[in-house]
Amino acid sequence: MGIIRQVFRGAAVVSAAGTGYLLFDVRNMKVYRDQPLNEALKHYISVKSLAFLGSIFLKKLESATSDVARAQEDFLLKQLRDNADTEYGRLYNFSAIKSAEEFVRVHPLTRYADYKPYVQKMMAGEQSVLTKEKPVIFGVTSGTSGTESIIPMLLKQRGVFFLNGVSVAFMCMSQAFPEVVCLSKILKIFYNPAWRMSEAGIKIGPNSSSPSESKKLLHMYSTPAPAFDILSEPEALYVHLLFGLKDRHLGMIEANFASLVFNAFQRLEEEVANLVRDIESGTLNSQLNVKPEIREKLEKLLKPDPVRAQEIKKAFEEGLVGVAKRLWPKLQIIVCGDSGSFTLYGSKLRETYCQGIPLYSPLYGASEGLLGINIWPEELPSRYLLHPRAQFFELIPVSHADEDQPQTLLLHQAEKGEFYELVITNPSCQYRYRIGDVVKVVGYHNQCPIIEFMYRQGQFLNVRGEKTSESLFYEVLRDTVAQWSGVKLLDYCCAESITVEDAGIKDYKSHLPCYHVFVELEQAGQLSVNQRKMVDATLCNKSYVYSSFRKKGSIGEMQVHIMQPGSFRELREFVIQNTTGSPNQFKVPRVLKRKDVVEFMFQRVVKN
């Protein structure tokens, strides 16, 4: 991270002539008169520094993709050298490994269970266990779609994510959409998690972006610092929206996932009358459960603004489609992940609230670090370049993914059109680690594969060995709903009949194993028997294996359940309350595995 410090140090000690130019340039970039100059200056330095770093690391990325095999081996051998003198490094004799091929030969493929004992030692305070460097955080995976894992995260891993990911994505975004390089504030929807502490005194919590980990950038956001001390999501989101609406010059909306943005607009739609009243009066809704000391700080920042209140009212009077652009005429872009299970939310944002505003999914990442980067902001669907200097990648053809120790391909051996399970080796602690992501190679940039994220292993339906993937099922459901006249899909998830039976749901017991599908529709109501049967028929048309099991009578007909309005929002709250995941991390579990979640969903089924 030394280069970042140098950039900011250099910006602070410019010459007198440089200061004059800097102030002139800041004035040129200012977007409204009442923006304080000191805030504009900090924002200006952040934007210019990020663009400068992005230009450097974009060139490094181009170089790495031109010789992927060399870049990957250099990356791998450095990780092995750095951690050779650790308990784990000595076990596998890292110091003796001289090539990628030798590493693959001597080290087995691993899963999280292989690391759990080592992580527990590190959390207790032991040094040089998996890594030579001390972790800065123990990152907890979301646990919303499976079992949580705890991943040691090193400072250099964060540096890789910021320099090779964030800065490069910003550079690509600014090249595609030059108007985003401005001093307008950003409505960033994120929350402080409830941290735990390890015995070694190191924080345990989500590794995703949070206010407490982004203190030097908070001046860029429309939400004021005191609001980030609100730990309950409903109240925190209301305040995010209030201060975002208060700023008519907002330039960007940002969140980890498209679902967070979509949920925010749904909440905005519900609360608009209260929000308008707060802006008009310059007060904070008295019904919000906010600590008095935080409320006092926030209300000092609010002033009555009846003109802005009328602008908001008018924007909503014209309807919901395209309302974001009417609320914020200077809004240039929405930045959020829209791949895999978030595809549905991205599509709905483009069709409704955010129509006419580009939506950019910049990074493909995980708790284990940066995986890929989208250098094509204007293209859909979102595609990612697997970054040769962020992880050492191996690829398992999906036809061999059931094997314990299948042969793998190296990154430069990937074939276009094929599906692979990803295997990574990274700077923190995982070696030949099966993270469970399945991707499709859709092309190449120089020698480096371009991928689309498809689904997570385990997030597929499999009652007879048919393995219906999350991506295939979403395609089936999308195509079926398109044939239901006047019906729009809001959200969905599925469960296998065995999980339903284990949860003790007797009213929907089936004689044959089958799929249960829970759908929430924009206009809640009944679907005819024939409409429900169409989902099963469409899957039969698209999957020969599923069709053959249905014809043989090995799998029963799919059961489609209509959910009460708001069920998936309640599901989000239920899962967050009953796991260690934070709102920043939440992903709708498309295939339900937990009995309590299955029971929760059946309680909200619309009765026929």
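Sequence order as written defines the numbering, with residues in each chain counted from 1. It should be noted that, the model being predicted, local features are given only for residues of pLDDT at least 70 and side-chain atom pairs only at 80 or more, the latter also being counted only at that level, while totals for whole chains, interfaces and linings use all residues. As a rule here, side-chain values cover all heavy atoms of the structure and leave hydrogens and water aside.

Trainee: Is there a simple way to explain the pairing of strand S6 (residues 252-257) in this structure?
Mentor: Along any regular strand the residues' side chains alternate between the sheet's two faces. Pairing between strands is defined by DSSP: at least two bridges between the two strands are required. Only DSSP runs of H or I covering at least 4 residues are called helices, and only runs of E covering at least 2 are called strands; the numbering of each starts at the N terminus. Bridge count between strand S3 (residues 186-188) and S6: three bridges; the pairing is parallel. Among the inter-strand pairings, Ile186 is bridged to a residue of S6, identified as Met252. In terms of strand pairing, S6 meets strand S7 (residues 333-337) through four bridges, oriented parallel. Among the inter-strand pairings, Glu254 is bridged to a residue of S7, identified as Val335.

Trainee: Explanation requested: the sheet that holds strand S13 (residues 409-410) in the structure shown.
Mentor: In a beta sheet, neighbouring strands pair by backbone hydrogen bonds and run either parallel or antiparallel. With respect to topology, eight strands assemble into an open sheet ordered S9-S10-S11-S16-S15-S14-S12-S13, the strand pairing being antiparallel. Looking along the sheet, the strands with just one partner apiece sit at the ends: strand S9 (363-366) and S13. Bridge analysis of strand S11 (residues 384-386) against strand S16 (residues 448-456) gives two bridges, and the strand direction is antiparallel. The partner of Tyr384 across the bridge, within S16, is Ile451. Contacts are residue-level and defined by heavy atoms, with any inter-residue pair within 4.5 Å sufficient. Axes here refer to lines fitted to C-alpha atoms; in helices the fit is confined to the stretch in contact. Angles between the N-to-C directions go from 0 to 180 degrees. Across the sheet, helix H4 (residues 68-82) lies against strand S12 (392-397), strand S14 (419-425) and S16, angled at about 115 degrees from S12, the strand it touches most.

Trainee: Looking at this structure, I do not really get the environment of Ile375. What am I missing?
Mentor: Turning to its location among the elements, Ile375 is positioned in the loop between strand S10 (369-373) and S11. Between the C-alpha atoms of Ile375 and Tyr546, which are 171 residues apart in sequence, the distance is 37 Å. Residues within four places of Ile375 in sequence aside, it is in contact with Leu61, Cys172, Leu385 and His445.

Trainee: I would appreciate a short explanation of the state of the cysteines in the present structure.
Mentor: In this description, the term disulfide denotes a pair of cysteine sulfurs within 2.5 Å. In total, this model carries zero disulfides according to the counting rule given. The closest cysteine sulfur to the non-disulfide-bonded Cys172 is located on Cys448, 14 Å from its own sulfur. There is no disulfide at Cys336, and the cysteine sulfur nearest it, in Cys354, is 8.1 Å away.

Trainee: Is there a simple way to explain the packing of helix H19 (residues 567-577) against helix H20 (residues 595-602) in this structure?
Mentor: In a packed pair of helices, the relevant descriptors are the angle between the two axes and the axis-to-axis distance. Where H19 contacts H20, the axes come no closer than 11 Å and their chain directions differ by 150 degrees. Our classification of the angle between H19 and H20 gives roughly antiparallel. The two elements H19 and H20 cross, and the hand of that crossing is right-handed. Note on element contacts: H20 touches H19 through Asp596, Val597, Phe600 and Met601, opposite Ser567, Phe568, Glu570, Leu571, Phe574 and Val575. Gly counts as polar in this scheme, as do all residues outside two lists: the nonpolar Ala, Val, Leu, Ile, Met, Phe, Trp, Tyr, Cys and Pro, and the charged Asp, Glu, Lys and Arg. Tallied by class, the residues present in the contact of H19 with H20 amount to seven nonpolar, one polar and two charged. An angle below 35 degrees is read as roughly parallel, one above 145 as roughly antiparallel, one from 65 to 115 as roughly perpendicular, and any other as oblique. Helix crossings get a hand from a simple test, with the near helix turned counterclockwise from the far one by less than a right angle marking a left-handed crossing and a clockwise turn marking a right-handed one.

Trainee: It is not clear to me how the nonpolar core should be interpreted in this structure. Could you clarify?
Mentor: We call a set of buried Ala, Val, Leu, Ile, Met, Phe, Trp, Tyr and Cys residues a nonpolar core when their side-chain atoms join them within 4.5 Å. Exposed residues in this analysis have more than 50% of their type's maximum accessible area, buried residues have under 20%, and partly exposed residues fall in between, with area computed by a 1.4 Å probe over protein chains only. One finds Met173 and Tyr364 to be the most contacted residues of the largest nonpolar core, which totals 81 residues. With eight residues, helix H8 (residues 155-176) is the single largest residue contributor to this core. Ile312, Trp328, Leu331 and Phe342 belong to the second largest nonpolar core, which has 75 residues in total.

Trainee: What is the right way to look at the confidence of the model for the protein chain in this model?
Mentor: Low pLDDT marks stretches whose predicted atomic positions should not be read closely. In this model, the protein chain carries an average pLDDT of 89, and 93% of its residues clear a pLDDT of 70 or more. Counting interchain partners and residues more than four positions distant, the pLDDT-below-50 stretch residues 1-17 has 16 contacts. The pLDDT value tells you how sure the predictor is about a given residue, anywhere from 0 up to 100.

Trainee: Can you walk me through the packing of aromatic side chains in this structure?
Mentor: Note on aromatic pairs: the rings of Phe, Tyr and Trp (six-membered ring only in Trp) are paired at centre separations within 6.5 Å, and the planes decide the class, stacked below 30 degrees, edge-to-face beyond 60, tilted for the rest. This model, assessed by the stated rule, comprises 22 aromatic pairs. Measuring from centroid to centroid gives 5.7 Å for Phe190 and Tyr221, while their planes differ by 80 degrees, and the two rings are edge-to-face. A residue pair is termed long-range when its members are at least 10 positions apart, and Phe190 in the loop between S3 and strand S4 (196-197) and Tyr221 in the loop between strand S5 (203-205) and helix H9 (233-246) qualify at 31 residues. Judged by relative accessible area, Phe190 falls into the buried class, the value being 2%. Since its relative accessible area comes to 6%, Tyr221 is described here as buried. An angle of 5 degrees between the planes, with centres 4.3 Å apart, marks the rings of Phe257 and Phe342 as stacked. A residue pair is termed long-range when its members are at least 10 positions apart, and Phe257 in strand S6 and Phe342 in the loop between S7 and helix H14 (343-351) qualify at 85 residues. Each of the two residues, Phe257 as well as Phe342, counts as buried. Connected via pairs of aromatic rings, a cluster forms that spans Tyr88, Tyr92, Phe94, Tyr115, Tyr118, Tyr431 and Tyr433. Taking NZ or CZ as reference, Arg383 lies 4.5 Å from the ring centre of Trp376, over its face. Of note, Arg604 hangs over the ring of Phe600, and the distance from its end group to the ring centre comes to 3.6 Å. Only when the NZ atom of a Lys or the CZ atom of an Arg is both within 6 Å of the ring centre and within 35 degrees of the ring normal do we say a charge sits over the ring.

Trainee: What should I look at first to understand the environment of Gln577 in this one?
Mentor: Assignment of secondary structure puts Gln577 in helix H19. Between the C-alpha atoms of Gln577 and Ser382, which are 195 residues apart in sequence, the distance is 31 Å.

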